[in-house]
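This is what each chain is made of:
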Amino acid sequence: MDQLAALRAFARVVESGNFSRASDSLGIPKSTVTKLIQNLETHVRTKLLARTTRRVTVTPDGAAYYEKVMRILNDLEDLDGAMSSSQALPTGRLRIDISASLALLVLIPALPTFHARYPDIQIDLGVTDRPVDLVSENVDCVIRAGQISDQSLIARRIAQFGFITAATPDYLARHGEPTHPSDLEKAGHLVIKYFSTGSARTYPLEFHRGAEKLEIDGHHLFASNDGNAYVAAGLKGYGVIQAPTFMVQEHIDAGRLKAVLTDWTQEAMPLHIVYPPNRHLSNKLRVFVDWAAELFARDRWRS
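Residue numbers run consecutively from 1 along every chain, following the written order of its sequence. Thresholds applied to this predicted model are a pLDDT of at least 70 for local features of residues and 80 or more for the giving and counting of side-chain atom pairs; totals over whole chains, interfaces and linings are not thresholded and use all residues. Heavy atoms from the whole structure form the basis of all side-chain values; hydrogens and water molecules are not counted.

1. Observations concerning the packing of helix α1 (residues 3–16) against helix α3 (residues 30–44)
Stage number 1. At their nearest, the axes of α1 and α3 sit 9 Å apart, and the two run at 110° to each other. With respect to each other, α1 and α3 are oriented roughly perpendicular. Where α1 approaches α3, its residues Gln3, Ala5, Ala6, Leu7, Ala9, Phe10 and Val13 are matched on the opposing element by Val33, Leu36, Ile37, Leu40 and His43. Axes, fitted as lines to C-alpha atoms, cover a helix only where it is in contact. Angles between the N-to-C directions of the axes lie from 0 to 180 degrees. Per the convention used, a helix needs a DSSP run of H or I reaching at least four residues, while a strand needs a run of E reaching at least two, with both numbered from the N terminus. Roughly parallel means an angle under 35 degrees; roughly antiparallel means over 145; roughly perpendicular covers 65 to 115; every other angle is labelled oblique. Only heavy atoms matter for contacts: two residues are in contact if any of them lie within 4.5 Å across the pair.

Structure follows, in structure tokens:
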């Protein structure tokens, strides 16, 4: 029996919750995973997993064994990373998840500079805004805007984004330029709404000036749960938008959009890079986290 392979297979089954996802993440057939687990249980002379046709659960002995297995696997990864960092550039695959707008406008255009430094790190990029189970989906890290509600994860704040309220010159010619946020709730004006993928809740536009804080709902004909679609609708004149600076500044500079209500500000949104606490920061993940922090901290993305 290849005991190290069996330990890795056992850990992946526990983390992913079934044999199919474990085999996919390990890149080996499901039958091989099954055989490795059977051999491991025979070797330790105890049942580690309880299997039914619907689910896989960890036995009490299996849970205790898993904790010790993870210490061994993490120590091995640290050892490999220490040796590789002392002898060569980091190598291997990183699976990262990020929203479409950040991927298209910030991360992907900058990736050539990352690979110029680290040519042997393979990036598998998931592009989504949905909640990701980092452990069961075998994702190394996610880059997410907003507050991180899951306190079990490690979140490193790498930047924050400002927002701009804007509309097309044609829209403003037809509907008039607002002089106060409350104008957007009056007849004749339209706003474009952003809604949550999980709850379908639409978010109001927010305005701050000194101690004054306003939330404006306004009438809308269009809403989206995707930042790129949201800005695209604004560019088509569907209404007033409130979007991150990095998504609209180019359009303002080109005259396609015009900033409005500029004496009001919006609360900046934090950006985090997030990874599981039981996933020690391997050398390849460490260099990516540091590079991403450097990239997103630049003034171009923060303003």
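Back to the text.
2. Quick notes on the sheet that holds strand β8 (residues 193–195)
Stage number 1. Strand pairing requires that DSSP identify at least two bridges connecting the strands. Strand order in this open sheet of three strands is β9-β8-β12, and the pairing throughout is mixed. Lying at the two open borders of the sheet, with one neighbouring strand each, are β9 (202–203) and β12 (223–224).
Stage number 2. As paired strands, β8 and β9 are joined by two bridges and run antiparallel to one another. Across the sheet, the residue bridging to Phe195 is Thr202, located in β9.

3. Some points on the packing of aromatic side chains
Stage number 1. Stacked, tilted and edge-to-face pairs are distinguished by plane angle, under 30 degrees for stacked and over 60 for edge-to-face with tilted covering the rest, among Phe, Tyr and Trp rings (Trp via its six-membered ring) whose centres lie within 6.5 Å. As enumerated under the stated definition, the model contains 11 aromatic pairs in all.
Stage number 2. Seen in terms of ring centroids, Phe10 and Tyr66 are 6.5 Å apart; in terms of plane orientation they differ by 70°. Their pairing is edge-to-face. Of this pair, Phe10 sits in helix α1 while Tyr66 sits in helix α4 (residues 60–87), and the two are 56 residues apart along the sequence.
Stage number 3. Centre to centre, the rings of Phe161 and Phe246 are 4.8 Å apart; their planes meet at 50°, and the pair counts as tilted. Of this pair, Phe161 sits in strand β6 (residues 154–161) while Phe246 sits in helix α8 (residues 245–253), and the two are 85 residues apart along the sequence.
Stage number 4. Note on exposure labels: buried denotes an accessible area under 20% of the residue type's maximum, exposed denotes more than 50%, and partly exposed covers the range between, all computed with a 1.4 Å probe on protein chains only. In this structure Phe161 comes out as buried when scored by relative accessible area, which is 3%.
Stage number 5. The buried category is assigned to Phe246, whose relative accessible area is 11%.
Stage number 6. The structure contains a cluster of three or more aromatic residues connected by ring pairs, namely Phe114, Tyr118, Phe288 and Trp291.

4. A short note on the packing of helix α7 (residues 227–235) against α8
Stage number 1. Between α7 and α8, whose axes approach to 11 Å, the crossing angle comes to 25°. Put simply, α7 runs roughly parallel to α8. As α7 packs across α8, the resulting crossing turns out to be right-handed. Of the residues in α8, those touching α7 at Gly227, Asn228, Val231 and Leu235 are Met247, Val248 and His251.
Stage number 2. Tallied by class, the residues present in the contact of α7 with α8 amount to four nonpolar, three polar and no charged. By the definition used in this description, the sense in which the near helix is turned from the far one sets the handedness, with an anticlockwise turn below a right angle giving left-handed and a clockwise turn giving right-handed. Three categories are distinguished: nonpolar for Ala, Val, Leu, Ile, Met, Phe, Trp, Tyr, Cys and Pro, charged for Asp, Glu, Lys and Arg, and polar for the others, with Gly belonging to the last.

5. Overview of the environment of Asp253
Stage number 1. Note on placement: Asp253 falls in helix α8.
Stage number 2. Using a relative accessible area of 61% as the deciding quantity, one classes Asp253 as exposed.
Stage number 3. Counting along the chain gives 12 residues from Asp253 to Ile241, while the straight-line C-alpha distance between them is 16 Å.

Shape is all these values report; function is a separate question.
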